[in-house]
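Spelled out, the chains give:
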Amino acid sequence: MTDAPRTRAPLAELSEVQRRRLDQAQGAIEKALRRVEIRREEFADLAAQVAIGLGRGGASAVARHFGWTPQHASALVAAYKAKQAPEGGTSHECSRRLRDGH
């Protein structure tokens, strides 16, 4: 052991090119993740629309197709209806309009 004070090694610094490349890569990933989230929402809406269009048992049929729980498919239907219901409207009215193609 020595009595000399410990010194730290100099901290590494990124070059401007390295920073720019890393920032671009991060931006590309964030953009891709946003696109995936949009597609996921579209997929959930489509699954809900199919379930609604099938009527009684539709959520269970969609759930069986994808290996989901019926509760998950029902939750997608409920979320979709909530998004589609007009202010003050009911999810029942929304279901009727969707089944009738309006």
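Here the structure is shown first, and the text comes after it.
The model shown is predicted, which means the values in this text are computed figures rather than measured ones. Each chain has its residues counted from 1, following the order in which its sequence is written. Only residues with pLDDT of at least 70 are given local features in this predicted model, and only at 80 or more are side-chain atom pairs given and counted; all residues enter the totals for whole chains, interfaces and linings. Calculated side-chain values reflect all of the structure's heavy atoms, with hydrogen atoms and water omitted.

Trainee: Explain the packing of aromatic side chains to me, and be specific about the residues and the numbers.
Mentor: Aromatic pairing here means that ring centres of Phe, Tyr or Trp (its six-membered ring) are within 6.5 Å. Orientation follows from the plane angle: under 30 degrees is stacked, over 60 is edge-to-face, and everything else is tilted. Summed over the entire model, instances satisfying the criterion amount to three aromatic pairs. On the numbers, 5.3 Å between centres and 80 degrees between planes, the contact of phenylalanine 43 with phenylalanine 66 is edge-to-face. Here the residue phenylalanine 43 occupies a position in helix H1 (residues 16–54), and phenylalanine 66 occupies one in helix H2 (residues 58–66), the gap between them amounting to 23 residues. The exposure class assigned to phenylalanine 66 is partly exposed, which follows from its relative accessible area of 38%. Arranged with centres 4.6 Å apart and planes meeting at 25 degrees, the rings of phenylalanine 66 and tryptophan 68 form a pair that is stacked. Through a chain of ring-to-ring contacts, three or more aromatic side chains come together here, namely Phe43, Phe66 and Trp68. The secondary structure listing takes helices from DSSP runs of H or I that are at least 4 residues long and strands from runs of E that are at least 2 residues long, numbered from the N terminus. Burial here depends on accessible area, computed with a 1.4 Å probe over protein chains only, as a share of the maximum for the residue type. Under 20% is buried, over 50% is exposed, and the range in between is partly exposed.

Trainee: Residues and numbers for H2, please.
Mentor: Since the α-helix turns once every 3.6 residues, residues separated by three or four places project in the same direction. Within H2 the residues assigned to the buried category are Gly58, Ala59, Val62 and Ala63. Taken down its axis, H2 places every buried residue within 135 degrees of arc, on the same side. Exposed and oriented more than 90 degrees from the buried face of H2 are Arg64 and His65. Turning to H2, the residues buried within the fold contact H1 and helix H3 (70–84). Positive phi shows up at glycine 67, right after H2, with a value of about 75 degrees. Working definition: the arc comes from the directions between the helix axis and the C-beta atoms, pointing outward to the latter. Working rule for contacts: check all heavy atoms of both residues, and any pair within 4.5 Å makes them a contact.

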